[in-house]
Amino acid sequence: LNILPDSNVNQASGWEEECVTTPFGLLCRRLDDEKKSVGARFNATANHYLRFTRDFGLRSTVRFDMTEFGNRDYDDYTLSVASGPRYICNFGECSLQPTFEKRWIAGKQFNSAYGAALDWQKDIDRLILSGSLWMKRNVYDDDLADEALRGNNYGVSLVSRYILSNRSFVQLRTEFEGDK
């Protein structure tokens, strides 16, 4: 659980209007002024491993992200599910999972994303190294937004986690995401 003080919750650019070029011409809208708020963020991930043999199985993942502010206009919810093969070997483990994601903003369905993720993990005593590569295709529920924004996202993440005790750890996470 995180507390989120935000001096620009509506992500206002400071400009008076923004325009997007679409196949139907230039689409412009007037922009809001910056708004301040305090919110909370919660996320949870559950993994399940079904073992078929000593080295091979099925990994399934469910993730929920929730960001809420006092004004529901900026609430953001994402539900992700994935399931695919998992392989364990001397150098660690890896899995390849087809993925599905659904996102709601301000209580309205916003978009869906379909893709795949390749994950790996290596345990070295109390140090756990892991990483992920992913690609997803975004499809927006609003036809006009879909025409302008439909596309692919690509990403990579690297995580180093050091186990301090059976109840605590220190983690460093680096992530990059781009779109096309």
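Residues numbered from 1 in each chain as written. Predicted model: local features only at pLDDT ≥ 70, side-chain atom pairs only at ≥ 80, totals over all residues. Heavy atoms only, no water.

### Quick notes on the pairing of strand E10 (residues 151–163)
Consideration 1: Here strand E9 (residues 127–140) pairs with E10 via twelve bridges, running antiparallel. Bridged to Arg 137 within E10 is Asn 152.
Consideration 2: Across eleven bridges, the pairing between E10 and strand E11 (residues 169–179) is antiparallel. Within the sheet, the bridge partner assigned to Ser 160 lies in E11 and is Leu 172.
Consideration 3: Joining the antiparallel neighbours E10 and E11 is a turn of five residues. (Pairing = 2+ DSSP bridges. Helix = DSSP H or I, 4+ residues; strand = E, 2+ residues; numbered from the N terminus.)

### Considering the pattern of salt bridges
Consideration 1: Tallied over the full model, the rule gives nine salt bridges.
Consideration 2: A salt bridge links Arg 63 to Asp 65; the nearest nitrogen and oxygen atoms lie 2.9 Å apart.
Consideration 3: What makes Asp 65 buried here is its relative accessible area of 12%.
Consideration 4: Residue Arg 103 is joined to Asp 76 by a salt bridge in which the shortest nitrogen-to-oxygen separation is 2.5 Å. Residue Arg 103 is located in strand E7 (residues 92–105), and its partner Asp 76 is located in strand E6 (residues 76–89); the two are separated by 27 residues in the primary sequence.
Consideration 5: Looking at Arg 103, the relative accessible area reads 27%, which means it is partly exposed.
Consideration 6: Within the structure, one salt-bridge network assembled from shared partners comprises Arg 41, Arg 63 and Asp 65. (Salt bridge = Lys/Arg side-chain N within 4 Å of Asp/Glu carboxyl O. Buried < 20%, exposed > 50% of the residue type's maximum accessible area, 1.4 Å probe, protein only.)

### Observations concerning the packing of aromatic side chains
When we look at a pair of aromatic rings, we describe it by the centre distance and by the angle of the planes.
Consideration 1: Taken as a whole, this structure holds four aromatic pairs when the rule is applied.
Consideration 2: Geometrically, the ring pair formed by Phe 100 and Tyr 114 is tilted, given 5.2 Å between the ring centres and 50° between the ring planes. One end of the pair, Phe 100, is in strand E7; the other, Tyr 114, is in strand E8 (residues 108–124), with 14 residues separating them in the sequence.
Consideration 3: The exposure class assigned to Phe 100 is partly exposed, which follows from its relative accessible area of 32%.
Consideration 4: The partly exposed category is assigned to Tyr 114, whose relative accessible area is 43%.
Consideration 5: When the centroid spacing of 5.3 Å and the interplanar angle of 80° are considered together, the rings of Phe 110 and Tyr 140 count as edge-to-face. Of the two residues, Phe 110 sits in strand E8 while Tyr 140 sits in strand E9, which places them 30 residues apart along the sequence.
Consideration 6: Residue Phe 110 is classed as partly exposed on the basis of its relative accessible area of 29%.
Consideration 7: On the accessibility criterion, Tyr 140 (14% relative accessible area) is buried. (Phe/Tyr/Trp six-rings, centres within 6.5 Å; stacked < 30°, edge-to-face > 60°.)

### A few points about the pairing of E6
The two faces of a sheet get side chains in turn, since along a regular strand they alternate between them.
Consideration 1: Bridge count between strand E5 (residues 56–69) and E6: twelve bridges; the pairing is antiparallel. Across the sheet, the residue bridging to Phe 56 is Tyr 87, located in E6.
Consideration 2: Once E5 ends, the chain turns through six residues before running back antiparallel as E6.
Consideration 3: Relative to E7, E6 runs antiparallel, the two being bridged by eleven bridges. Counted as the bridge partner of Tyr 87 is Cys 94 from E7.

### Quick notes on the side chain of Lys 102
Consideration 1: Along the polypeptide, Lys 102 turns up in strand E7.
Consideration 2: There is a polar contact of 2.6 Å between the side chain of Lys 102 and the side chain of Ser 112.
Consideration 3: Ignoring sequence-local partners within four residues, the contact set of Lys 102 consists of Tyr 77, Thr 78, Leu 79, Gln 109, Asn 111, Ser 112 and Asp 141. (Polar contact = N/O pair within 3.5 Å; in protein donor to acceptor, adjacent residues only side chain to side chain. Contact = heavy atoms within 4.5 Å.)

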